[in-house]
Amino acid sequence: MNRKYRITAALLALVVAVSVTALAAPVAAQSVDNVDVTLSDSNGDGLDDAVTVDVSVTDDGAATAVEFGSGTTVDLSATDEGQAPVVSINDNQQNENVTFGSTGYTGTYTVEGTLSGQSDGDSVDVTAWIGAVSQSDADDTATASATVQNTTDGDDGGNGDDGDEVTVTPGDRNQNGPFGTGEIYLGEAGNRPTVFQGESDIQFIAPDGSSIDTLTSTDDQNRVLDVPIGTSEETGAYTIQGTDAADDPGAVVQEPEVTSLEIINVNGEDVSSVTQGNEIAIGVDFNYGNAEPLDPEVLDDEGVDVTGQYVQAGALEGTDGYEDLLGNDSDLEEAQKEKVENEGYDYLISANFGDSGQFEIVAGPDGDGDLADIDSATSTEVLEVASDDDPELELEQDTASQGEEVDVEVTNVEDGDTYYVAIQTDDRRDDNSPVDRYVNDVFVNAGDTENTGVTDDDEYYYAEVEADGTSGLTRIDTEFLDDTSIDIYLYGEGDQDVDYVGDTDFEQDDVSLEVSQAQITVDSPGQTYVPGQEVDLNGTVSEGVDDVAVFIRDRDNYFHVTNISVDDDDDTYEETDFDLSEDSNTQDAADIVGQPGVYRYGVIDLQDVVAAQNDPDSETDRPFVGSNVDANAGLTSSDFSSGASVQQSLRVAEPSLEGAIETYNGEVFASDDVDITGTLIGPREFVTLFTDSRGNTVVNTYNADRDNGEIDEEDITINSLSTGNVRGTILSPGRDTSFGDGTLSIPQSEVPAGLEAPLEGTVDNFVAVANVAGQGRTQSQVTELLLSETVEDAASDDLIVAEEFRLRDDSSTQIEDVVPSQISDNATGIVDIEVGEEMVVRGTTNRNPDDATIVVEATEGPSLAELGTAVTDEWGYDGEWNVTIDVPESVEPGQYTIQSDDGDRISEANVTVAAEGTFEPGERVGDQLGELRNEIEELQSTVDNLESERNDLEEQVTTLEDENSQLEADLEAAQNDTDTGGADDTNETDDGQGQPGFTAVAALISLIAVALLAIRRQEE
């Protein structure tokens, strides 16, 4: 389709005019009647160098094209341009052609040209068509060819015959039809022509000029190669004889390929995007040019062929057209020409896209050829054409919290252009620190960033960005910016240096980024802390925070605890197993959390701590970073609150201990060992002691759960102790992690071997002492000694839980009750059971349910098989267990022996199973007990009601007495007023009866008192 690249505007106008005329009148049949190709020797050297093509046509209605095969180079300027209204001569390209534009013409068009680069035996192939500029749209097509001859020696062609012979040049080939004759001249090794998978319109020609139908592979597979060649045919050498002999003529099969397709912008860069209106070069490398011509196309985003709209020229390497594209008159930039010359493409195209959008550059064979359906013969590149607006800045996001990294893109630029993205240095987070402290921090050397720095006048931080395609990317780290609106500027025109940063004449764009303080959370510790407790200090931060500092506040000041680095993978910080009262960096912080009270626990971005440290107006002037942390480092409340921070209440509580020694029915079966449970708040280490009546003591140390202080220790072995009374103790050293007053007052004579008095009150020393304390002492003496060194010692904060229980070396499991289920709540002992009822068997045990199972079954009786077996391993610390056994109607009445077995002890009870209906309701002891219990409950209810009524009356009496007292006081006051104030005598009375209102009140009180007395007597 190269003929389209140079077609003139006049020809296009003629075609349009003809098309419009055709809409109004019937179209006559157009045809190519004859094509005649004549070669001649014009310079007398005996070698044909002139070509004349006569094309006879009928009713040419628009255009007639005469095209030479790609293997022919010809100068067509001798063609008479007056033969038609429009004559377009398109040489210096891969398929040189002449197009005649006419309307209704019948006759002969003549094309004349001069050959160059031809050799004896070369074929000059000509194709003519009529009806359209493009062959694919033509109404009629015809072909013809002629062979170049050298007649200086009168050679007849080499076969002894005079006549029209084909001169064969082994190794040569013509393009396949319709682009050439398709003749493949087989040659010997090193000179074998190339054919391609998928070719069909070709003919193999032997060195003697004869046609060959098939070839055979030279490998041991002996594959037959015929025409058409398969699209997946094995590549390699094929010869007439199928041998690997050098003189066996043949051809080589290859896969047709476009090996490279590159788009080159004005900067000489291989790109996939450009800015509209700029010249681009497209370079193609392909391997099938001697078989078919390359037919590049440009498609828009809807798949429409827009080649003619944007492509300016295209030419095959080695042609004049190719050289023209690289010449002085070419529209290509020097950088593009240099790139082309360095790469040496097989085919070169120049184009200019005046519209933005997405386009596909398709480099492949002509759609009419054999190779059009071979995928490898075509390559496609997507080209993004950006708007030619002025360069702009685009932010990945308009807001960010301090620490987030935000991408900034420079758009509407050309690949390779250099621009500068800048931020004023006054926008740095810590404006009291030197400007160059953040010189490589504000901008990240990422994306297309070539360099970062600060301008010579210290006014701007900048990133030098080299565009990749039509945009360039850099990145801002907001960790080092103030929490405010940050203005970001773009400077340059593609080739300026950093000196232009800040020059308003070169400012291209500006945008704003809203930066807010970083977000920090606290997940641990909780809001309660006990001195000596190890806790995790952790939480989350917003993206980009690198380090946090932890503080404890008392009153108006925050005191430094520690610094923690942030895990970038999940934006979390964590310091594990941290004892605030012992591990804090400052003694002030350690002292604060060492005393009960309510304080503030806070976490702040370390960058804000440093900023406060550098602020001359701040009281924060001690170092916080690295190993040189001041022992008294702290922050004022205002410094802490002004930074990215979080705080919460922290209540420092006294240590506490709750615990229980798990016994069953007040006993422990020695073989089951013993379990303890509870909760220890504070330092997690504790000691257990078990002392028998002879003073023997078993001592162990444990740690409560570090997260919640739970105590859950099982199977503590104490079977070395004597049976009988045992004192069990759970003991914690308290907040100071030392027993007693910190010193164990044990004389050297009683100090364990290897230790010297006085002993520190550590857990290990206490255990060592406790292990030998029982030597020569009773239980009470051992207990007195150990208590005196722990909880009873002066200034001790130790914690203790103690219990006494009975240790037995035998099981106490036994049956207590066998009763019917329907009266089991009231009945105890052994109660007869009717057939059809359920039997409840109850008992007690000293076994640990984790170590024992009680099996209950009937072992003697008339029909044992009818009674089932019950099993239980669930009972409480009271040791009371129960099971239920169904007594079906199939059970024969009689005496049965019920047995319990826990694996160590068997207990038995005899019960009578009676026939159904034997007992009347209430006849059995359990029924009677139930009735008595109901009567007692009714009586108790009556008493409760009477007591409630009495209480109400007593309250009323009290209220009336209070009112009576107030009335008497008022009366007395009124009387005094009368005696002293000269009241009128007519108001006085001397009947001696007193005030009637007061008499009524006194009478009412008397009645209530009588009622209360009646209630009390009724209760009695």
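Look up a bit, the structure's there.
I will try to describe carefully the structure that is included in this document. Please read these numbers as outputs of a predicted model, since none were measured by experiment.

Section: the overall build of the protein chain
Per the secondary structure count, the protein chain includes twelve helices and 62 strands. Counting all 1020 residues of the protein chain, 48% fall into the buried class. For the protein chain, contacts bridging at least 24 residues in sequence account for 68% of all contacts bridging at least 6. Here the protein chain displays about 47000 Å² of accessible surface, and carbon together with sulfur accounts for 39% of that area.

Considering the packing of aromatic side chains
Applying the stated criterion across every chain yields a total of 18 aromatic pairs. Seen in terms of ring centroids, Tyr 460 and Tyr 491 are 6.1 Å apart; in terms of plane orientation they differ by 75°. Their pairing is edge-to-face. Taken together, the residues span a long stretch of sequence, with Tyr 460 in strand 33 (residues 460-466) and Tyr 491 in strand 35 (residues 485-494) at a distance of 31 residues. The burial state of Tyr 460 is the same as that of Tyr 491; both residues are buried. Plain terms: the ring middles of Tyr 664 and Tyr 877 are 5.6 Å apart, the flat faces sit at 50° to each other, and that makes the pair tilted. Here Tyr 877 lies in the loop between strand 59 (870-872) and strand 60 (880-886) and Tyr 664 lies in the loop between strand 45 (656-662) and strand 46 (667-669), a separation of 213 residues in the sequence. Judged by relative accessible area, Tyr 877 falls into the partly exposed class, the value being 48%. Taken together, the aromatic side chains of Phe 100, Tyr 105 and Tyr 109 make up a single cluster linked through ring pairs.

Description of the pairing of strand 26 (residues 379-386)
Where strand 20 (residues 273-275) meets strand 26, three bridges bridge the pair, whose relative direction is parallel. From the neighbouring strand, Val 274 faces strand 26, where its bridge partner is Val 385. In the sheet, strand 25 (residues 357-363) pairs with strand 26 via seven bridges, with the strands oriented antiparallel. Residue Gly 357 lies in a different strand from strand 26, and its bridge partner there is Val 385.

Observations regarding the sheet that holds strand 3 (residues 63-68)
Overall, antiparallel pairing links the five strands, which are arranged 5-6-3-8-9 in an open sheet. The open sheet has two edge strands, strand 5 (86-90) and strand 9 (140-147), and neither has a second partner. The sheet shows a mean angle of 15° between the axes of neighbouring strands, direction not considered. Here five bridges tie strand 3 to strand 6 (residues 97-101), and the two strands are oriented antiparallel to one another. Each bridged residue has a counterpart across the sheet, and for Ala 63 the counterpart in strand 6 is Gly 101.

Examining unusual backbone geometry
Across the junction of Val 227 and Pro 228, the peptide omega takes the value 5°, indicating a cis bond. Relative to the helices and strands, Pro 228 is located in the loop between strand 15 (224-226) and strand 16 (236-239). In this model, Ala 757 is joined to Pro 758 through a cis peptide bond whose omega is -5°. Looking at the secondary structure, you find Pro 758 in the loop between strand 52 (743-744) and strand 53 (759-760).

Notes on the layout of surface pockets
Here the second largest pocket defines a volume of roughly 650 Å³. Forming the boundary of the second largest pocket are 32 residues, of which Gly 69, Ser 70, Gly 71, Thr 72 and Thr 73 lie nearest the centre. By residue number, the principal contributor to the lining of the second largest pocket is strand 8 (residues 123-130), which donates three residues. The residue inventory of the lining of the second largest pocket, partitioned by class, reads six nonpolar, 19 polar and seven charged.

Considerations on the sheet that holds strand 23 (residues 311-316)
Reading across from one edge, 19-18-21-24-23 is the order of the five strands in this open sheet, with antiparallel pairing throughout. For this open sheet the edge positions go to strand 19 (270-271) and strand 23, each flanked by a neighbour on one side alone. Note: strand 18 (residues 258-264) against strand 21 (residues 279-286), six bridges, orientation antiparallel. When the sheet's bridge partners are listed, Val 258 is paired in strand 21 with Phe 286. Sitting on the sheet, helix 4 (residues 334-343) is in contact with strand 18, strand 19, strand 21 and strand 24 (347-352), with an inclination near 165° to strand 18.

Here we look at empty space enclosed by the protein
Following the criterion strictly, the structure yields three cavities of 30 Å³ or more and no others. In this structure, the largest cavity spans a volume of roughly 100 Å³. As for the largest cavity, its lining consists of Leu 689, Thr 691, Arg 727, Thr 729, Leu 731, Val 782, Thr 783, Leu 786, Leu 787, Thr 790 and Ile 800. Of all elements in the fold, only strand 48 (685-692), strand 51 (724-732) and helix 10 (779-788) reach the threshold of two or more residues within the lining of the largest cavity. At four residues, the largest contribution of residues to the lining of the largest cavity is made by helix 10. Residue composition of the lining of the largest cavity, by class: six nonpolar, four polar and one charged.

A few points about the environment of Asp 213
Within the fold, Asp 213 resides in the loop between strand 13 (211-212) and strand 14 (214-217). Spatially, the C-alpha atoms of Asp 213 and Gln 203 are 7.5 Å apart, while their sequence positions differ by ten residues. Discounting residues that sit within four places of it in the chain, Asp 213 has contacts with Gln 203, Phe 204, Leu 225, Asp 226 and Val 227.

Overview of a negative patch on the surface
A cluster of like negative charges, contributed by Asp 426, Asp 431, Asp 436, Asp 456, Asp 457, Asp 458, Glu 459, Asp 497 and Asp 499, occupies part of the molecular surface. Tracing the sequence through the fold places Asp 497 in the loop between strand 35 and strand 36 (507-516).

So, the nonpolar core
With 30 residues, the main nonpolar core has Ile 280, Val 284, Phe 286, Tyr 288, Phe 353, Ile 361 and Leu 383 as its most contacted residues. The set of elements that each furnish at least two residues to this core consists of strand 18, strand 21, strand 23, strand 24, strand 25 and strand 26. In terms of residues, this core owes the most to one element, strand 21, which gives four residues. Residues within four places of Ile 280 in sequence aside, it is in contact with Ile 263, Ile 264, Val 274, Leu 332, Gln 336, Ile 349, Ser 350, Ala 351, Phe 353 and Leu 383.

Regarding the pairing of strand 16
Across two bridges, the pairing between strand 14 and strand 16 is antiparallel. Across the sheet, the residue bridging to Thr 216 is Thr 239, located in strand 16. Pairing of strand 16 with strand 17 (residues 250-254), which is carried by four bridges, proceeds in the antiparallel orientation. If you follow Thr 239 over to strand 17, its bridge partner there is Gly 250.

Focus on the pattern of salt bridges
Summed over the entire model, instances satisfying the criterion amount to 18 salt bridges. Ionic pairing is found between Asp 608 and Arg 429, a salt bridge with its closest N-O pair at 2.8 Å. Highlighted residues: Asp 608 in helix 7 (residues 606-614) and Arg 429 in the loop between strand 30 (418-424) and strand 31 (443-444), separated in sequence by 179 residues. As far as the burial class goes, Asp 608 and Arg 429 line up, both buried.

Quick look at helix 7
Across the nine residues that make up helix 7, a large majority, seven, are buried. Those residues of helix 7 hidden inside the fold are in contact with strand 39 (547-554), strand 40 (557-567), strand 42 (597-605), strand 43 (634-636) and helix 8 (637-642). The backbone nitrogen of Gln 607 has a side-chain oxygen 3.1 Å away, supplied by the residue at the start of helix 7, namely Asp 605.

A closer look at the environment of Val 522
Among the secondary structure elements, Val 522 is positioned in the loop between strand 36 and strand 37 (528-529). Of the residues examined, Val 522 reaches a relative accessible area of 16% and is grouped as buried. Separated by 125 residues in sequence, Val 522 and Gln 647 have C-alpha atoms that sit 8.0 Å apart.

A short note on the environment of Val 545
With respect to the element layout, Val 545 can be found in the loop between strand 38 (534-540) and strand 39. Between the C-alpha atom of Val 545 and that of Ile 520, which follows or precedes it by 25 residues, the distance is 9.1 Å.

Considerations on the side chain of Glu 404
Summarising the element assignment, Glu 404 is placed in the loop between strand 28 (399-401) and strand 29 (405-411). A distance of 3.4 Å separates the side chain of Glu 404 from the side chain of Gln 397, its partner in a polar contact. Once residues within four sequence positions are removed from consideration, Glu 404 is found in contact with Gln 397, Ile 476, Asp 477, Thr 478, Glu 543 and Gly 544.

Considering the side chain of Arg 727
Mapped onto the elements, Arg 727 comes out in strand 51. With no salt bridge to any partner, buried Arg 727 finds its closest opposite charge in Glu 804, at an N-O distance of 4.1 Å. For Arg 727, the contacting residues outside a window of four places in its chain are Leu 689, Phe 690, Thr 691, Gln 779, Thr 783, Leu 787, Ala 802, Glu 803 and Glu 804.

Rules of the game
- Residues numbered from 1 in each chain as written.
- Predicted model: local features only at pLDDT ≥ 70, side-chain atom pairs only at ≥ 80, totals over all residues.
- Heavy atoms only, no water.
- Helix = DSSP H or I, 4+ residues; strand = E, 2+ residues; numbered from the N terminus.
- Buried < 20%, exposed > 50% of the residue type's maximum accessible area, 1.4 Å probe, protein only.
- Contact = heavy atoms within 4.5 Å.
- Areas by Shrake-Rupley, 256 points an atom, 1.4 Å probe, with all protein chains shown as cover.
- Phe/Tyr/Trp six-rings, centres within 6.5 Å; stacked < 30°, edge-to-face > 60°.
- Pairing = 2+ DSSP bridges.
- Axes fitted to C-alpha atoms, helices over the stretch in contact; angles between N-to-C directions.
- 1 Å grid on protein atoms, 1.4 Å probe; cavity = no way out; pocket = protein on both sides within 12 Å on 5 of 7 lines; lining within 4 Å.
- Points joined across faces, edges and corners; volume = space filled by probe spheres on them.
- Nonpolar A, V, L, I, M, F, W, Y, C, P; charged D, E, K, R; others polar.
- Patch = residues over 30% accessible without salt bridge, like charges linked within 9 Å, V, L, I, M, F, W, Y side chains within 5 Å.
- Salt bridge = Lys/Arg side-chain N within 4 Å of Asp/Glu carboxyl O.
- Lys, Arg positive; Asp, Glu negative; His and termini not counted.
- Charge placed at Lys NZ, Arg CZ, Asp CG, Glu CD.
- Core = buried A, V, L, I, M, F, W, Y, C linked by side-chain atoms within 4.5 Å.
- Polar contact = N/O pair within 3.5 Å; in protein donor to acceptor, adjacent residues only side chain to side chain.

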